[in-house]
Amino acid sequence: MINENLVSNVVTEPYKYGFVTDIETEKISKGLNEEIIRLISRKKDEPEYLLNFRLKAFKKWQKMEEPNWADLGYKKIDYQDIIYYSAPKQKEKKSSLDEVDPKLLETFDKLGIPLTEQKRLTNVAVDAVFDSVSIATTYKEQLAEHGVIFCSISEAVKEHSALIEKYLGSVVPASDNYFAALNSAVFSDGSFVYIPKGVECPMDLSSYFRINSGDSGQFERTLIIAEESSTVSYLEGCTAPMFDTNTLHAAVVELIALDNASIKYSTVQNWYAGNENGVGGIFNFVTKRGKCLGKKSKISWSQVETGSAITWKYPSCILLGEESIGEFYSVALTNNLQQADTGTKMIHIGAKTKSTIVSKGISAGKSSNSYRGLVKMGSKATGSRNYSQCDSMLIGDQASANTFPYIQSQQPNSEVEHEASTCRISEDQLFYLQSRGIEFEEAVSMMVSGFCRDVFNQLPMEFAAEADKLLALKLEGSVG
Amino acid sequence: MQEKMTGKEPLLEIKNIFASTEDLTILKGVDITIQPGEIHAIMGRNGCGKSTLSKIIAGHPAYKINQGSITFKGKNIKSLEPEERAKSGIFLGFQYPIEIPGVSNLEFLRVATNARRKFLKQQELDTFEFEDLVKEKLELVKMDYAFLNRSINQGFSGGEKKRNEILQMALLNPEIAILDETDSGLDIDALRIVASGIKKIANKENGIILITHYQRLLDEIKPDFVHVMANGQIIKTGDCKLALELEKNGYEWTDQLSQDS
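Residues numbered from 1 in each chain as written. Chains lettered and ligands numbered in written order. Predicted model: local features only at pLDDT ≥ 70, side-chain atom pairs only at ≥ 80, totals over all residues. Heavy atoms only, no water.

## Comments concerning the pattern of salt bridges
Residues and elements named next belong to chain A. Let me state the cut-off plainly: Salt bridges are identified by distance alone: a Lys or Arg side-chain nitrogen within 4 Å of an Asp or Glu carboxyl oxygen. In DSSP terms, a helix is any run of H or I states spanning at least four residues, a strand is any run of E spanning at least two, and both are numbered starting from the N terminus. For each residue, the accessible area found with a 1.4 Å probe, counting protein chains only, is set against the maximum for its type, and the residue is called buried under 20%, exposed over 50%, and partly exposed in between.
Counted by the stated rule, this structure contains 22 salt bridges over all chains. Across the salt bridge formed by Asp81 and Lys30, the nearest N and O atoms sit 3.2 Å from each other. With Asp81 in the loop between helix 3 (48-63) and strand 2 (86-88) and Lys30 in the loop between strand 1 (25-27) and helix 2 (34-43), the pair connects residues that are 51 residues apart, well separated along the chain. Judged by relative accessible area, which is 40%, Asp81 ranks as partly exposed. In this structure, Lys313 engages Glu305 in a salt bridge whose closest nitrogen and oxygen atoms are separated by 2.4 Å.

Take a look at the structure:
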């Protein structure tokens, strides 16, 4: 009923990352069994312990049930109909970017992530992951001068095996949940970051995940270790082509912060969301967790979730170290028939730990958007505090928003505060802005960015501007 | 267009307007003509169609014009979007200004002002230039700069909201301003501030429509014409004395008129 004519006149911008790169890929056959896992491990020339890690995870996964508590509606996934390893064909060892297939470089160029030395981004080091493998990491040498390790996880397995053996699966154990188990069994690549003691990482690190194949899943793993008194800011971006089938993306991210270390992890997730009838799109089932192991350590998650047909993720913090800090800042926008169930878990174990949760959900079209969060105060978390704020905004009258806050406290000397609100962009608000000469779309976008401001303020500069634009783009034509 | 301006072309001409919302006909043939420099007052009972009239002039999407025409400076504006009407110089002061959480009042005022300036082919103002302008206009309504850092109308008192409306009017410098019960809910001091703001903005070029229930606003701002509305029509038009009569005799007196007509 709101401005029907105007809305129908609005040009809906197509998903601009929807192209497919035509490149020869090496794919293994569909299906999942022990042989496939051995094959992936062999292809990556992995040490024994990692193969065992995978096989154990697989055995656990086989005994697990796919979770359904999030009440997400989707057709049952046939795990035997997925290709678990897909890599662009190229020389085994790439000693420099010159040996990377120009088509791949071109792909990342098109995505706005140039990798070649002349064009690469000046203040951000990038690890570019294409389907199952990392194809290039920029600024590796410069970072190495500071002792910072930034490489693909496959390379880390070879070069920094001790760290991998020590930390892989230490935050998200293989048995943690169905998708984490699956990932642990079949993960193919991802990023690895190690910041040595006392080092402030000289530039932002970033991974860019690109799914190209329609029939293969992406199962990447990210592991970030911040040693005592180190700091790092890590950014993650994701896009995928438009296919009318659903592609599974089940990633695991583990962060470890030691004494006084600080990790800031920011995500702008823009996987293909499917079309307006809900056909196609990525199933984004991700386990992200950080462990504040050290005293006064800090882990901060910020995310802008705009893509995927279904998003199911809860970046969490385990606050073990005394006076450690966990933060979660999230904007999740759903449109058309998208579903998002996202939130966080703040597990307070150490004394005087603090956590802040700010979640902003925007639902448009016929989408559904839920915040689900757990704040747990353990018996030793004396003097700990949590503040949560969960706001939902509805656009139109067919979208839905839910908030599910779970609070468990075993510690009387701790404080948990929760605030929640729901609002709707009303015809009267739009008319008010319009009657002052502000265009309809700008009016919507002003209200949405106003609503998200608390979260955008937490994003790194370049991300914040991008996020603002992305939201405006995603909402075009959604008000009606 | 220029040739026509030589004569006395009305700023706003509303002819035989019928309008409805949700299939309920509210306006049943309203005519009103406003010349540059004129102040008109529209009075009448609640539900007589005053606010609807203001909304259809501003282009509210919930109201449908079934018949008649609205001409602004010689141009039919019936099919224009609200923002196009606003940019071209039509301003509606809301009876109940809308709260918009999260959007800063300052940013809002700047975007709105620049939209209007762009239309007038004036240079758009950067944040500093705008700050200077807005400080000057804040004086008019005796508002504190701190107001601008808050979200639009959020947590404003009734009087503050109305002053914010007049501030917007001052910044947008409209050619036609319709002020819908801007005086309601104001205490005497706030009323004086609002009224003096309006008087300072009124000039020989623009036209103002005051929708009000009370004589006290008209004591402050003397209208050239007073219209009495009832049941979706203007049933009587006169000068400022009509408002006094109305004050004395109440709306029952106009019911009588309505039946006579």
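Still more ground to cover, so stick around.
## Remarks on the interface of chain B and chain A
Formally: Contacts between residues were defined by any pair of non-hydrogen atoms, one from each residue, lying within 4.5 Å. Once two parts are brought into contact, the accessible area they lose, counted with a 1.4 Å probe and summed over both, makes up the buried area. Two N or O atoms count as a polar contact when they lie within 3.5 Å, although within protein this holds only if one can serve as hydrogen donor and the other as acceptor, and sequence-adjacent residues are included solely when both atoms are side-chain atoms.
Counting residues at the interface gives 31 residues for chain B, matched by 21 residues for chain A. Interface area for chain B against chain A, summed over the two sides, is near 2300 Å², with a carbon-plus-sulfur share of 65%. The interface formed by chain B and chain A contains two salt bridges. Between B:Glu165 and A:Arg436 there is a salt bridge, with the nearest N and O atoms lying 2.7 Å from each other. Taken together, the connections running from chain B to chain A amount to 12 residue pairs in polar contact (both at pLDDT 80 or more). Breaking the side of chain B that touches chain A down by element, the ones donating at least two residues are helix 2 (82-88), strand 6 (90-93), strand 7 (100-104), helix 3 (105-119) and helix 5 (158-172) of chain B.

## A few points about a positive patch on the surface
Let me state the cut-off plainly: A residue counts toward a patch only above 30% relative accessible area and without a salt bridge, and it is joined to like-charged neighbours within 9 Å or, for Val, Leu, Ile, Met, Phe, Trp and Tyr, to nonpolar neighbours within 5 Å. All accessible areas in this document rest on Shrake-Rupley with a 1.4 Å probe, and a residue is counted as covered only by the protein chains that are shown. Only four residue types enter the charge count: Lys and Arg as positive, Asp and Glu as negative, with His and the chain ends excluded. Just so you know, the charge point we use is NZ for Lys, CZ for Arg, CG for Asp and CD for Glu.
Together, A:Lys56, A:Lys59, A:Lys60 and A:Lys63 make up a positively charged patch on the protein surface. You can call A:Lys56 exposed: its relative accessible area is 58%.

## Structural notes on the environment of A:Gly321
By the secondary structure assignment, A:Gly321 is in the loop between strand 16 (316-319) and strand 17 (325-334). Taking C-alpha positions, A:Gly321 is 6.9 Å from A:Ser297, a pair spaced 24 residues apart along the chain.

## Focus: the sheet that holds strand 4 (residues 64-72) of chain B
Residues and elements named next belong to chain B. Using the following cut-off: Two strands pair under a simple rule: DSSP has to find at least two bridges between them.
With antiparallel pairing, the four strands of this open sheet are ordered in space as 2-1-4-5. The open sheet terminates on both sides in strands that have one partner only, identified here as strand 2 (24-34) and strand 5 (75-76). Note: strand 4 against strand 5, two bridges, orientation antiparallel. When the bridges of strand 5 are listed, Thr71 appears paired with Asn76.

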